[in-house]
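Single-letter residue listing:
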Amino acid sequence: MLKFKCPYCQFVADETELVSGGEAHITRELGSSSEKDFADYLFYRKNPRGVHFERWLHQFGCGKWFIAARCTLTMEVFGTYSAQTLKPPASIIRKIKSRRPDWKGFSK
Ligand SMILES: [Zn+2]
């Protein structure tokens, strides 16, 4: 079972208290985006085998969204942080790189 520490209320919640919001750090290109870019934004999501960044809602707790960095193979959680953060904090990136030296790095 997955367990995440909510970055807001600091409660360690298991996944039954949370709701998954899918892939994190998805941005919509404004104005000059092509139809393909817009379709990618609407319909296509990464489904990596390994490090993944996901949105989670602490539904039965403080009710706030946060982002979790975890490995989809081992279920190891590298950390959580505010959903208003545009890219993963350096401390989480360092932790991932130390645990997964072959990781290619963060990309949107
Ligand atoms: Zn919370």
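(A) Broad picture of the overall build of the protein chain. The helix and strand tally for the protein chain stands at two helices and six strands. Going from the N terminus to the C terminus, the protein chain shows its helices and strands as β-β-β-α-β-β-β-α. In summary, the protein chain has a C-alpha radius of gyration of 15 Å against a globular reference of 13 Å for 108 residues, a match within 12%. With the principal axes as the frame, the protein chain shows a C-alpha extent of 40 × 35 × 20 Å. Each of the 108 residues in the protein chain was classed as buried or not, and the buried ones make up 17%.

(B) Main features of the environment of Gln 84. If you trace the backbone, Gln 84 turns up in the loop between strand 6 (77-82) and helix 2 (90-99). The exposure class of Gln 84 is exposed, given the 9 C-beta atoms found within 10 Å. The spatial distance from the C-alpha of Gln 84 to the C-alpha of Phe 66 is 7.9 Å, given a sequence separation of 18 residues.

(C) Quick look at the nonpolar core. Formed by 14 residues in total, the largest nonpolar core has its most connected members in Phe 4, Trp 56, Phe 66, Ile 67, Ala 68, Ala 69 and Ile 96. Of all the secondary structure elements, the ones that give two or more residues to this core are strand 4 (51-57), strand 5 (65-71) and helix 2. A per-element tally of this core places strand 5 first, with four residues. Residues within four places of Ala 69 in sequence aside, it is in contact with Val 51, Phe 53, Phe 78, Gly 79, Pro 88, Ile 92 and Ile 96.

(D) How the structure looks around unusual backbone geometry. Phi at Gln 10 is positive, roughly 65°, even though this residue is not glycine. As for its position among the elements, Gln 10 is in the loop between strand 1 (3-5) and strand 2 (12-14). Phi is positive for Met 75, close to 65°, though the residue is something other than glycine. Counting through the fold element by element, Met 75 comes out in the loop between strand 5 and strand 6. Judged by the 10 C-beta atoms lying within 10 Å of it, Met 75 is exposed.

(E) Layout of the sheet that holds strand 6. Taken together, the four strands give an open sheet; going across it, the order is 3-4-5-6, and neighbouring strands pair in antiparallel fashion. Each end of this open sheet is capped by a strand with a single partner; those strands are strand 3 (19-23) and strand 6. Direction aside, the axes of adjacent strands within the sheet are offset by 30° on average. In this sheet, strand 6 lies alongside strand 5 in antiparallel orientation, the contact comprising five bridges. Counted as the bridge partner of Ile 67 is Tyr 81 from strand 6. Helix 2 rests against strand 4, strand 5 and strand 6 of the sheet, and its axis sits at about 170° to strand 6.

(F) Molecular detail of the pairing of strand 5. With five of seven residues buried, strand 5 lies mostly within the body of the structure. As judged from the seven bridges shared by strand 4 and strand 5, these two strands associate in the antiparallel manner. Bridging across to strand 5, Phe 53 finds its partner in Ala 69. A loop of five residues connects strand 5 with strand 6, the two strands running antiparallel in sequence, and Met 75 in this loop sits at a positive phi of about 65°.

Rules used throughout
- Residues numbered from 1 in each chain as written.
- Predicted model: local features only at pLDDT ≥ 70, side-chain atom pairs only at ≥ 80, totals over all residues.
- Helix = DSSP H or I, 4+ residues; strand = E, 2+ residues; numbered from the N terminus.
- Rg over C-alpha atoms; globule rule 2.2 N^0.38 Å.
- Buried ≥ 20, exposed ≤ 12 C-beta atoms within 10 Å, placed from the backbone.
- Core = buried A, V, L, I, M, F, W, Y, C linked by C-beta atoms within 7 Å.
- Contact = placed C-beta atoms within 7 Å.
- Pairing = 2+ DSSP bridges.
- Axes fitted to C-alpha atoms, helices over the stretch in contact; angles between N-to-C directions.

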